[in-house]
Amino acid sequence: MAEAEAMQLKEEGNQHFQLQDYKAATKSYSQALKLTKDKALLATLYRNRAACGLKTESYVQAASDASRAIDINSSDIKALYRRCQALEHLGKLDQAFKDVQRCATLEPQNQSFQETLRRLNTSIQEKLRVQFSTDSRVQTMFEILLDRNSEADKLEKAANNLIVLSREEAGAERIFQNNGMALLMQLLDTKRPELMLAAVRTLSGMCSSHRARATAILHAVRIDRICSLMAVESEEMSLAVCNLLQAIIDALSDEDKQEHRGKEEALVLDSKKDLKQITNHLLDMLVSKKVSGQGRDQALNLLNKNVPRKDLAIHDNSRTIYVVDNGLRKILKVVGQVPDLPSCLPLTDNTRMLASILINKLYDDLRCDPERDHFRKICEEYITGTFDPQDMDKNVIAIQTVSGILQGPFDLGNQLLGLKGVMEMMVALCGSERETDQLVAVEALIHASTKLSRATFIITNGVSLLKEIYKTTKNEKIKIRALVGLCKLGSAGGTDYALRQFAEGSTEKLAKQCRKWLCNASIDTRTRKWAVEGLAYLTLDADVKDDFVQDIPALQAMFELAKASTPDKTILYSVATTLVNCTNSYDVKEVIPELVQLAKFSKQHVPEEHPKDKKDFVDMRVKRLLKAGVTSALVCMVKADNAILTDQTKELLARVFLALCDNPKDRGTIVAQGGGKALIPLALEGTDVGKVKAAHALAKIAAVSNPDIAFPGERVYEVVRPLVSLLNTQRDGLQNYEALLGLTNLSGRSDKLRKKIFKEKALPDIENYMFENHDQLRQAATECMCNMVVNKEVQERFLADGNDRLKLVVLLCGEDDDKLQNAAAGALAMLTASHKKLCFKMTEVTTQWLEILQRLCLHDRLSVQHRGLVIAYNLLAADAELAKKLVESELLEILTVVGKQEPDEKRAAVVQTARECLVKCMDYGFIKPVS
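Because the structure is predicted, anything quoted here is derived from the model rather than measured. Counting of residues starts from 1 at the beginning of each chain's written sequence and follows it residue by residue. The predicted nature of this model means local features are confined to residues of pLDDT at least 70 and side-chain atom pairs, given and counted, to a pLDDT of 80 or more, with totals for whole chains, interfaces and linings taken over all residues. Values reported for side chains reflect all heavy atoms of the structure, with hydrogen atoms and water molecules removed beforehand.

> Help me out: how do you make sense of a positive patch on the surface in this one?
The patches described consist of residues with a relative accessible area above 30% and no salt bridge, like charges being joined within 9 Å and nonpolar side chains (Val, Leu, Ile, Met, Phe, Trp, Tyr) within 5 Å. Each accessible area is a Shrake-Rupley result for a 1.4 Å probe, and residues are judged covered by the shown protein chains and nothing else. Each salt bridge in this description consists of a side-chain nitrogen of Lys or Arg and a carboxyl oxygen of Asp or Glu lying within 4 Å of one another. When charges are counted, Lys and Arg are positive and Asp and Glu negative, with His and the chain ends excluded. For charged residues, the charge sits on one atom: NZ in Lys, CZ in Arg, CG in Asp, CD in Glu. A cluster of basic residues, Lys 305, Lys 310, Arg 319 and Lys 361, forms a positive patch at the surface. Strands here mean DSSP runs of E at least two residues long; helices mean DSSP runs of H or I at least four residues long; both are numbered from the N terminus. For Arg 319, the location among the structural elements is in helix α17 (residues 318-335).

> Teacher, can you tell me more about the confidence of the model for the chain here?
Interpretation of this model should avoid reading the predicted coordinates in detail wherever pLDDT is low. Overall, the prediction assigns the chain a mean pLDDT of 84, with 90% of residues at 70 or greater. Long-range and interchain partners of residues 493-504, a stretch whose pLDDT sits below 50, account for 31 contacts in this model, where long-range means more than four residues apart. One number per residue, pLDDT, summarises how confident the predictor is, and it ranges from 0 to 100. Should any heavy atoms of two residues lie within 4.5 Å, those residues are considered in contact.

> Would you take a moment to explain the packing of helix α18 (residues 351-364) against helix α20 (residues 392-406) for this structure?
A packed helix pair is summarised by two numbers, namely the angle formed by the two axes and the spacing between the axes. Orientation is described by axes fitted as lines to C-alpha atoms, over the contacting stretch for helices, and by angles from 0 to 180 degrees between their N-to-C directions. As a packed pair, α18 and α20 sit with axes 8 Å apart at the nearest point and diverge in direction by 60 degrees. By the angle between their axes, α18 is oblique relative to α20. The two elements α18 and α20 cross, and the hand of that crossing is right-handed. Note on element contacts: α20 touches α18 through Gln 400, Ser 403, Gly 404 and Ile 405, opposite Arg 352, Ser 356 and Ile 359. Of the residues belonging to the contact of α18 with α20, the class tally is two nonpolar, four polar and one charged. In what follows, roughly perpendicular refers to angles from 65 to 115 degrees, roughly parallel to angles under 35, roughly antiparallel to angles over 145, and oblique to any angle outside these ranges. Left-handed describes a crossing whose near helix is turned anticlockwise from the far helix through less than a right angle; right-handed describes the clockwise counterpart. Note on residue classes: Ala, Val, Leu, Ile, Met, Phe, Trp, Tyr, Cys and Pro are nonpolar, Asp, Glu, Lys and Arg are charged, and everything else, Gly too, is polar.

> What should I look at first to understand the packing of aromatic side chains in this one?
Within a pair of aromatic rings, the relevant descriptors are the distance that separates the centres and the angle that separates the planes. When two rings of Phe, Tyr or Trp (its six-membered ring) have centres within 6.5 Å they constitute a pair, described as stacked for plane angles under 30 degrees, edge-to-face for angles over 60, and tilted for the intermediate range. Applying the stated criterion across every chain, the model contains four aromatic pairs. Measuring from ring centre to ring centre gives 5.2 Å for Phe 17 and Tyr 22, while their planes differ by 65 degrees; the resulting arrangement is edge-to-face. Remark: exposure states derive from per-residue accessible area (1.4 Å probe, protein chains only) relative to the maximum for the residue type, with buried under 20%, exposed over 50%, and partly exposed in between. The class for Tyr 22 is buried, based on a relative accessible area of 16%.

> What exactly am I supposed to notice about the environment of Ala 63 here?
If you trace the backbone, Ala 63 turns up in helix α4 (residues 59-72). For Ala 63, a relative accessible area of 10% puts it in the buried group. Separated by 584 residues in sequence, Ala 63 and Asp 647 place their C-alpha atoms 40 Å apart. Contacts of Ala 63, omitting those with residues within four sequence positions, involve Arg 83, Ala 86 and Leu 87.

Here's what the structure looks like:
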């Protein structure tokens, strides 16, 4: 029984393989392997599974399976050749050569074996040549770099060549084997910045994708030395060392999914101890006075990237628990730094924000309430332990810490605001005469007033203080922060027109002051950034956003700030938030009339829409933003460094792009200013919502634009995946429809694009939408399929037995919708022209095929009629018997009537095709011409 079942599973696997479903085929072969002990069958199953491995690019598995088949039968020529192919892809050319040599000995006449033998021989010779030349090049480079008398341009060239060489697997291995580590350590000891930088970048290249080399480098250079190099003032050096550490961490934690080759496969390296050591040193860097602001930022970036889980589905959060227990107090110390106090650590503008982000990520990575309670207790103990009635500096640090936590996990910050004395101390600091105290207190009030309930408390207690500070202070920094505090409190009701916190006109006055500061180029950038943040809150008010988009100088000043070469995280986020508010691209809850009535009856508050938030006003604002050059500003923002451009900011930018693309007339302007290219990275990286919004915007552009202009060069192939991701039942109908339109446009451009769409597994989704009840979705899917059937791989799907693909297309030709019929008839015409087998298959899939064909040939719409006549011609040309069946039906009469018509300009193609059909009938001798 088991053997019979194994045979059946083998046959199933073969069928799956023919249908190109390699995963299912692998599964069938694997199940069969468990059931049989028959050696011949085992060899066949391993050999077949190796073929699946080659198709799915699982080369290690393919080589292993082929080897097992060879162990059973050493002359199994198919297994030998498959192992040869797998080994070639794995870079083991010498072993691959031996296998194909054996194949050629067994079958000397096989041209394929002879060709592979020649190709591998050439590749091995080239590899040896490169290897020997690489050794000498490496030696020469180090001689130039370590010679104190070398000329500057030679030094620079040698350093760059070494870096490039280290990024190639063969080059990195040659440097490592040729005493490269000792020589690189000598470069680090020279204390010459350009040589040290070259050494660090070379080490980075050598570490990436190779666990054994990364471990050796970490132990040779030592983590304390690596961290001391990252702690320097030079931003370039600090970033290079950060990249080196990231490459080491990736290699040690197997983040690099590339196949390891050669001897390393036999090594089992336990890297947990090394990773823990790196984490400890990074945490120590956070509180060291010897570390520069740049170094502290890079340490925070590394912790942010590597400690929290990348996917919450992974159960293990031990890294986060370790950092909370051993480093949370150190992170809180960074968050609580006050730049104007003498005890402050060296910081950059971004340091405290990065620490807040780290706290937020750590808190989000906790799995249960006890873990969160422990986290909260550490924060509470740290803050209450910092308060000191005798030392005002310590109190300021405590409030600054709360302010930093409020910028991270807000719920935790809200709980800390409830600690005894925190709110009172904030209010007391507002009244202090010392400007540092006022600055910290105002910022803390701003961050504390995010929640409406908390803002209401502050409105009653803090507004008068903020107004007093705003009127009396002469320090511009404090003045603008007090203004932002008032802006935030004024917008606490969000877009709800009925929940205005301040008197009528107050928010407009605040916004006017913000715009005034924004346009004042003499004020420093950091202070102007606060003006943008104020507008980010105030533009929730429709009156404010309407005034703002009419103020072209203020808009352009904001765009220039966003385009600046070194923007910080908060300014990009604030600009993006302001634009989201101006374009109304935030999520709006659907108002259900019945619930509104119920709320009114129970005297509950019902949100009201501002009159200027209606569609006409929004469209007008979008037009003004486009005219002011918003697209070029967005394109610059998208190009910002990933450390600055957070996933949340990417989502906001995607929302703005989607709102701008709403009107088809505006899409040409967006494409002309580079918007199409800028959307691709947004659709591939970021939050799930952001990727969907960006993909939808791409679909809108792809549907109506020339892809060669919108996405020049190779970029057009990157557009396919985001569009395919929208063909999902979780997406709404409009997203499905516009994605199908975009794919239709792309699939009409070239066969290479059709192959890409097919490779992204879009075909099953397109077929599903051809079954949809929704007319427009079904039509769009059929039009897309009409373009896709030109591709040979798609045609093979239609040729395969046991599916209803062709039947569906034939039945769609019989629908009443002209556009749907046109697309389906086009697909059927292409298919019947490509394969005679499909002509026969068409007559078998449904009994209605002839009636449908006759309806197409008599159709009122000329394009549908023409496609119907082309199908008739394809069937006539396929086979004499099939032609006879058609001639014996009413189709001959239809062809005669159409063929006798006078061919005017519009009907020329239709009449000509009908006449070609009649000529074909005459060729068969079924009809004779009338003399």
